[in-house]
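Examination of the molecular architecture
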Amino acid sequence: MTFKKLIKHPVSKEIILLIFFGLLSFLLNKVRFYVPGVESVTTDLKEIPLLISVFHVSNPLTIVGINIITAAESIGTASFFPTFIAHTVSLLCTWFFYQFLKKLKINLTVSGAVCFVYILFYYTGLLIPSFILTNFALGMNNEISFTDFYNNILSTAHIEMITTSIITSLYYIQYNIRKQLKEHERELEIKVKERTEELASANDELVANNEELFQKNKIIDQQNSELKQTMQQLEEAQMHLIQTEKQATLGVLISGITHEINNPLNYIQGGYESLLKY
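Starting afresh in each chain, residues are numbered from 1 along the sequence in its written order. Only residues with pLDDT of at least 70 are given local features in this predicted model, and only at 80 or more are side-chain atom pairs given and counted; all residues enter the totals for whole chains, interfaces and linings. Just so you know, side-chain values use all the structure's heavy atoms and leave hydrogens and water out.

Once that is clear, we can look at the packing of aromatic side chains. Whether two aromatic rings pair depends on their centres lying within 6.5 Å, for rings of Phe, Tyr and Trp, where Trp uses its six-membered ring; planes under 30 degrees apart make the pair stacked, over 60 edge-to-face, and the rest tilted. A complete count under the given rule lists 16 aromatic pairs for this structure. Measuring from centroid to centroid gives 5.2 Å for Phe80 and Phe81, while their planes differ by 75 degrees, and the two rings are edge-to-face. Taken together, the aromatic side chains of Phe55, Tyr98, Tyr171, Tyr172 and Tyr175 make up a single cluster linked through ring pairs.

Right, let's talk about the environment of Ile119 for a bit. Per the convention used, a helix needs a DSSP run of H or I reaching at least four residues, while a strand needs a run of E reaching at least two, with both numbered from the N terminus. Structurally, Ile119 can be placed in helix α6 (residues 108-137). Between the C-alpha atom of Ile119 and that of Ile162, which follows or precedes it by 43 residues, the distance is 8.7 Å. The contact rule is simple, with two residues in contact once any of their heavy atoms fall within 4.5 Å. Non-local contacts of Ile119, meaning those with residues more than four positions away in its chain, are made with Leu51, Thr164, Ser165, Thr168 and Ser169.

This part covers the pattern of salt bridges. Here the idea is simple: oppositely charged side chains can pair when their charged atoms come close. Definition used for salt bridges: Asp or Glu carboxyl oxygen within 4 Å of a side-chain nitrogen of Lys or Arg. Tallied over the entire structure, the rule returns 2 salt bridges. Between Glu198 and Arg195 there is a salt bridge, with the nearest N and O atoms lying 3.3 Å from each other. Placement of both Glu198 and Arg195 in helix α7 (residues 146-277) is noted, with a separation of 3 residues, approximately one turn of the helix. Given a relative accessible area of 47%, Glu198 falls into the partly exposed group. Each residue gets one of three labels from its accessible area relative to the maximum for its type: buried under 20%, exposed over 50%, partly exposed in between, using a 1.4 Å probe on protein chains only. A residue is classified by how much of its surface remains accessible, and Arg195, at 49% relative accessible area, is partly exposed. In this structure, the salt-bridge partner of Lys216 is Glu212, at a minimum N-O distance of 3.5 Å. Placement of both Lys216 and Glu212 in helix α7 is noted, with a separation of 4 residues, approximately one turn of the helix. Judged by its relative accessible area of 47%, Lys216 falls in the partly exposed class.

Further remarks concern helix α4 (residues 61-70). If you check which residues of α4 are buried, you get Thr62, Ile63, Gly65, Ile66, Asn67 and Thr70. Residues of α4 that are buried sit in contact with α2 (10-28), α3 (47-56) and α5 (80-104).

The next point concerns a nonpolar patch on the surface. Put simply, a patch holds well-exposed residues, over 30% relative accessible area, that have no salt bridge, with like charges counted together within 9 Å and Val, Leu, Ile, Met, Phe, Trp or Tyr side chains within 5 Å. Here, Shrake-Rupley sampling with a 1.4 Å probe gives the accessible areas, and only protein chains in the shown set may cover a residue. On the surface, a cluster of nonpolar side chains totalling about 460 Å² of accessible area is made up of Leu250, Leu253, Ile254, Ile257 and Ile261. With respect to the secondary-structure elements, Leu253 resides in helix α7.

All right, on to the nonpolar core then. Within the largest apolar cluster, 27 residues are counted, with the highest numbers of intra-cluster contacts made by Leu91 and Tyr122. Contributing elements (two or more residues each) for this core: α2, α3, α4, α5, α6 and α7. When residues of this core are assigned to their parent elements, the largest contribution, 7 residues, is made by α6. Other than its neighbours up to four places away in sequence, Tyr122 contacts Glu47, Leu51, His87, Ser90, Leu91, Thr94 and Leu127. For the purposes of this section, nonpolar cores are sets of buried Ala, Val, Leu, Ile, Met, Phe, Trp, Tyr and Cys residues that join through side-chain atoms within 4.5 Å. Of all hydrophobic cores here, the second largest spans 5 residues; its members include Ile128, Ile132, Tyr150 and Ile153.

A word on a positive patch on the surface. All tallies of charge rest on Lys and Arg as positive and Asp and Glu as negative; His and the ends of each chain are not included. Taken as the charge centre is NZ of Lys, CZ of Arg, CG of Asp or CD of Glu, depending on the residue. On the surface, a cluster of positive charge is contributed by Lys13, Arg178, Lys182 and Arg186. Broken down by element, the residue count for the positive patch peaks at 3 residues, all from α7.

A water-sized probe, rolled over the atoms, reveals where empty space remains. A volume near 520 Å³ is recorded for the second largest pocket. Put plainly, a pocket is an open set of points on a 1 Å grid over the protein atoms alone with protein on both sides within 12 Å along at least five of seven lines, a cavity is a set where a 1.4 Å probe fits but cannot get out, and a lining residue has an atom within 4 Å of a point. In terms of lining, the second largest pocket is formed by 20 residues, of which the most central are Lys13, Phe55, His56, Tyr175 and Lys179. Of all the elements in the fold, those that place two or more residues in the lining of the second largest pocket are α2, α3, α5 and α7. Element by element, the count of residues in the lining of the second largest pocket is highest for α7, at 7 residues. Residue type decides the class: Asp, Glu, Lys and Arg count as charged, Ala, Val, Leu, Ile, Met, Phe, Trp, Tyr, Cys and Pro as nonpolar, and the leftover types, Gly among them, as polar. Residues of the lining of the second largest pocket, tallied by class, amount to 9 nonpolar, 3 polar and 8 charged. Grid points are joined across faces, edges and corners, and a volume is the space filled by probe spheres set on the points.

This is the structure:
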């Protein structure tokens, strides 16, 4: 199996996507951004590759593997399970939403706007609440209320939330544009192939017709040649017949003339013999 066929295999493709997006999210998690107006609080852009991976993976289980790689640094710490569970639940919901969105076949601009709004909901309605509830379920941060916990996270994540929504929505639009272009290209290739086959078939038929016409013309030429020979033989026979008729007519004429001459001569000869007797 060649490398090109290997990466196109469904299982190999999912493994490659898992490693790629997992490592990309893990690396972006290392890049920290300070939130303006909020001291000692930083954010990152690890959600961008996580959300973009949803557009590419075909098996939702791949998302679980991506989350494991992303959260590998925090394995063994108290924050691992809340982070892992919150991202897994939120991204699985996002994957199913994307599958639903693909079936709608709506305008790209509208679907891009829907994607932007959904990512805001991804943070505010899925990721943050599930993270808080997982913390409470594991007996962590129970001293703070849900509302205060939610507002604290939201106040530090609003820059990341807006940035991630914009970048992911723009990527979603251009990704679907590329998909449409590939589909049009594939359809065009199919049409060109079909048209080429039709032209080739028509050309073969034309060649066959030309060959048949050539054979018919050859037969006609042969028949014309035979007809010319027959006409020439008829002309020769006609000329021979005319000559024969002329000779016959001349013979009759000469015979008649000879008869007319012989009659007077016979009378003269008879009279001359009679005179000699006397």
